[in-house]
Amino acid sequence: MVLGYSPLILGLLALAAGLGLVLGLGEDLDRPLFGPPGSPIRLQETDSGLKKALQFAEERYNRGSNALHLRKVSRVVSATKQLVKGIRYTITVELSNTQCKKTSMLKTCDFYPEIHKLKTEVCLFEVWDIPWQGTTTLLRQKCQPKVESEVKETNQVEDLSTSQPLEESVELLGQFKEFMVRYNKVYSSQEEADRRLRIFHENLKTAEKIQSLDQGSAEYGVTKFSDLTEEEFRSTYLNQLLSQWTLHQPMKPASPARGPAPASWDWREHGAVSPVKNQGMCGSCWAFSVTGNIEGQWFLKNGSLLSLSEQELVDCDGLDQACKGGLPSNAYEAIEKLGGLESEADYSYTGLKQKCDFTSRKVAAYINSSVELSKDEKEIAAWLAENGPISVALNAFAMQFYRKGVSHPLKIFCNSWMIDHAVLMVGYGDRKGVPFWAIKNSWGEDYGEQGYYYLYRGSNACGINKMCSSAVVN
């Protein structure tokens, strides 16, 4: 749902936000230009404000282009708006050639019927609109050619109205049935099953698009989340609080590693990582990320690997919002105040917020403080190899349909300021020359590679370097 706000409310929000916000047009294009007071709101193409922002972006793009022909939006990939001293639109689109030269009116121009003449680009636009001032600004424009799949010429004429849809529907139904059996999916009615089939079909197309644009060796496709809309997936399994940078409290910086990073390292091989867990239908990834880190720190200091309680944090951490999200920095502080964590066996996970049942005499592990790591990936690797698994967070853009391999999404889709998932970094290395981070997820062992996600290392992919932290056990 897209919310509407009166000019008065917008003005008040702008005033409140403006007290602590600075417009930054530096070189770090992945950093938000404003400290967002709230999470971005996903938009439908029918949104009137989005239409205005798209028209403005098209006009500015064509004004600055050296191309002979005008281009216009052929497809909206994604769009969000955010209240930041006005309205900030972040739009990813495909722009294609029209048959009109630049002297023409864009809205009367048709696209080329020949695919090879479209010369489509994938573009990210950031448009800042201040309605009460009547000003609109293009803050950012970043485009790159779209990789088109090869079109084979043939003289064979197919009756697309009959055979192809039938074959596709049979294949689709087979895939959906296999998906339901594999992941034990049961729906409440035939109407609900039909709806999930339609979502499944759309998600297959989305996974194909992510696959075609990935720069790594990852395979995307059917996963246990393939019957969920993007909004359902985000609201159930991800953590929107992580992207609200104004909520983040400064942490003490960690001391740098004493030596350079070895070529590869994996704490699973050294006994510091517990088995993969499952957060269920609860946005408690922050709790799993932090307990995983403390499990590693406790092992390194005391020699025993314990499975610690995430449910204690969900129930007793008053600084965070349980299944609605949280921040690792808050979780460390809450654990210090509580006096430690109980074991998983003593305080087992339910995936629902309940009354706090913490008992100090059952504390299995404690921490003394917490630190924030460098944002340099080489220094992160060196610190990890020397000090243990790290609590990290990232943009989960490519994770819903990830199956295996090293994921390397395009930066314009997986930017570093829309971080929405906390995980545990347990190691790093390379596969056939492709460098990766080994990431322990909290969606069960039937996700990814036995519960793990592998992300490209060396380009700050998906903001993996932005929120690295660790507890300290003396």
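Conventions and cut-offs
- Residues numbered from 1 in each chain as written.
- Predicted model: local features only at pLDDT ≥ 70, side-chain atom pairs only at ≥ 80, totals over all residues.
- Heavy atoms only, no water.
- UniProt positions renumbered as here; feature names shortened; annotations may be inferred.
- Helix = DSSP H or I, 4+ residues; strand = E, 2+ residues; numbered from the N terminus.
- Buried < 20%, exposed > 50% of the residue type's maximum accessible area, 1.4 Å probe, protein only.
- Contact = heavy atoms within 4.5 Å.
- Areas by Shrake-Rupley, 256 points an atom, 1.4 Å probe, with all protein chains shown as cover.
- Salt bridge = Lys/Arg side-chain N within 4 Å of Asp/Glu carboxyl O.
- Core = buried A, V, L, I, M, F, W, Y, C linked by side-chain atoms within 4.5 Å.
- Polar contact = N/O pair within 3.5 Å; in protein donor to acceptor, adjacent residues only side chain to side chain.
- Expected span 1.5 Å × (residues − 1).
- Disulfide = S-S within 2.5 Å.
- pLDDT = per-residue confidence, 0-100.
- Phe/Tyr/Trp six-rings, centres within 6.5 Å; stacked < 30°, edge-to-face > 60°.
- Lys NZ or Arg CZ within 6 Å of the ring centre and 35° of its normal.

Per an unreviewed UniProt entry, the chain carries the name Cathepsin F and comes from Scomber scombrus. Reading the Function (unreviewed entry) entry of the UniProt record for the chain gives the comment "Thiol protease which is believed to participate in intracellular degradation and turnover of proteins. Has also been implicated in tumor invasion and metastasis." Per its UniProt entry, the chain bears the Catalytic activity (unreviewed entry) comment "The recombinant enzyme cleaves synthetic substrates with Phe and Leu (better than Val) in P2, with high specificity constant (kcat/Km) comparable to that of cathepsin L."

Quick word on the overall build of the chain
When you go through the chain residue by residue, the secondary structure sums to 10 helices and 17 strands. Residues classed as buried in the chain amount to 51% of the 474 residues present. Nonlocal contacts in the chain, meaning residues at least 24 apart in sequence, comprise 74% of its contacts between residues at least 6 apart. Accessible surface computed for the chain: about 23400 Å², of which carbon and sulfur atoms make up 52%.

Notes on the pattern of salt bridges
Tallied over the full model, the rule gives 27 salt bridges. One salt bridge connects Arg195 with Glu232, and the closest N-O pair in it is separated by 3.6 Å. Here Arg195 is found in helix H5 (residues 190-213), whereas its partner Glu232 is found in helix H6 (residues 230-237), with 37 residues between them in sequence. Residue Arg195 is classed as partly exposed on the basis of its relative accessible area, which comes to 31%. With a closest N to O distance of 2.7 Å, Asp266 and Arg268 form a salt bridge.

Topic: the nonpolar core
Judged by nonpolar contacts, the single largest core of 51 residues is most densely connected at Ile390 and Tyr453. Every element with two or more residues in this core is listed here: H5, H6, helix H10 (377-387), strand S11 (390-394), strand S14 (421-431), strand S15 (434-440) and strand S16 (452-456). Not counting chain neighbours up to four residues away, the residues in contact with Tyr453 comprise Leu394, Ala398, Met399, Tyr402, Ser407, Trp437, Ala438, Ile439 and Tyr447. Residues Ala57, Tyr61, Val73 and Val76 belong to the second largest nonpolar core, which totals 19 residues.

A closer look at the side chain of Lys277
Mapped onto the elements of the fold, Lys277 is located in the loop between strand S7 (265-266) and helix H7 (285-302). Of the polar contacts made by the side chain of Lys277, one reaches the side chain of Glu310; its length is 2.8 Å. A distance of 3.2 Å separates the side chain of Lys277 from the side chain of Glu344, its partner in a polar contact. Dropping the residues within four chain positions of it, Lys277 is found in contact with Phe288, Glu295, Ser307, Leu308, Glu310, Glu344, Asn441, Ser442, Trp443 and Gly444.

A short note on unusual backbone geometry
Backbone geometry follows two general trends: most residues other than glycine have a negative phi, and most peptide bonds adopt the trans configuration. The backbone phi angle of Asn184 is positive, close to 55°, even though this residue is not glycine. Structurally, Asn184 can be placed in the loop between helix H4 (163-182) and H5. If you check the backbone angles, Gln450 has positive phi at about 55° while not being a glycine. Inspection of the secondary structure puts Gln450 in the loop between S15 and S16.

Observations concerning H7
For H7, spanning 18 residues, the distance from its first C-alpha to its last is 26 Å, which sits close to the expected 26 Å at 1.5 Å a residue. The element H7 is largely enclosed, with a buried count of 15 among its 18 residues. Where H7 ends, the next residue or the one after it, Gly303, has phi of about 80°, a positive value.

Regarding H6
Residues of H6 that are buried include every one of Phe233, Arg234, Thr236 and Tyr237, and no others. Elements in contact with the buried residues of H6: strand S1 (41-42) and S14.

Points about the environment of Val147
If you trace the backbone, Val147 turns up in the loop between strand S5 (135-145) and H4. Using a relative accessible area of 59% as the deciding quantity, one classes Val147 as exposed. Residues Val147 and Val122, spaced 25 residues apart in sequence, show a C-alpha to C-alpha distance of 9.2 Å.

What about the state of the cysteines?
Using the criterion set out here, one finds five disulfides in the structure. The disulfide partner of Cys282 is Cys323, and the gap between their sulfur atoms is 2.0 Å. Measuring handedness by torsion sign, the sulfur bridge of Cys282 and Cys323 sits at about -95° and is left-handed. Here Cys282 is found in the loop between S7 and H7, whereas its partner Cys323 is found in the loop between helix H8 (311-316) and helix H9 (328-338), with 41 residues between them in sequence. Taking relative accessible area as the criterion, Cys282 reaches 1% and is therefore assigned buried. Among the residues examined, Cys323 registers a relative accessible area of 22% and is labelled partly exposed. Cys316 shares a disulfide with Cys356; S-S distance 2.0 Å. Judged by the sign of its S-S torsion, about 100°, the cystine formed by Cys316 and Cys356 is right-handed. On the criterion of sequence distance, the pair formed by Cys316 in helix H8 and Cys356 in the loop between strand S8 (341-342) and strand S9 (363-365) is long-range, its members being 40 residues apart.

Some thoughts on the confidence of the model for the chain
For the chain, per-residue confidence averages 86 on the pLDDT scale, and 86% of positions sit at 70 or higher. Across residues 1-38, confidence stays below pLDDT 50; counting only partners more than four residues off in sequence or on other chains, it has 57 contacts. When the criterion is pLDDT under 50, residues 149-164 qualifies, and its contacts beyond four places in sequence or with other chains add up to four contacts.

So, the packing of aromatic side chains
Under the criterion given, the structure shown has 22 aromatic pairs. When the centroid spacing of 5.6 Å and the interplanar angle of 55° are considered together, the rings of Phe179 and Tyr183 count as tilted. Using a relative accessible area of 2% as the deciding quantity, one classes Phe179 as buried. Look at Tyr183 and you get buried, because its relative accessible area is 14%. For the ring pair Trp265 and Trp267, a centre distance of 5.4 Å and an interplane angle of 70° mean the geometry is edge-to-face. Take Trp265: its relative accessible area is 23%, and that puts it in the partly exposed class. Accessibility expressed as a relative area gives 6% for Trp267, which makes it buried. A network of ring pairs unites the aromatic residues Tyr220, Phe225, Phe233, Tyr237, Tyr402, Trp443, Tyr447 and Tyr453 as a single cluster. A cation sits over an aromatic face here: Arg431 above Phe436, 5.6 Å from the ring centre.

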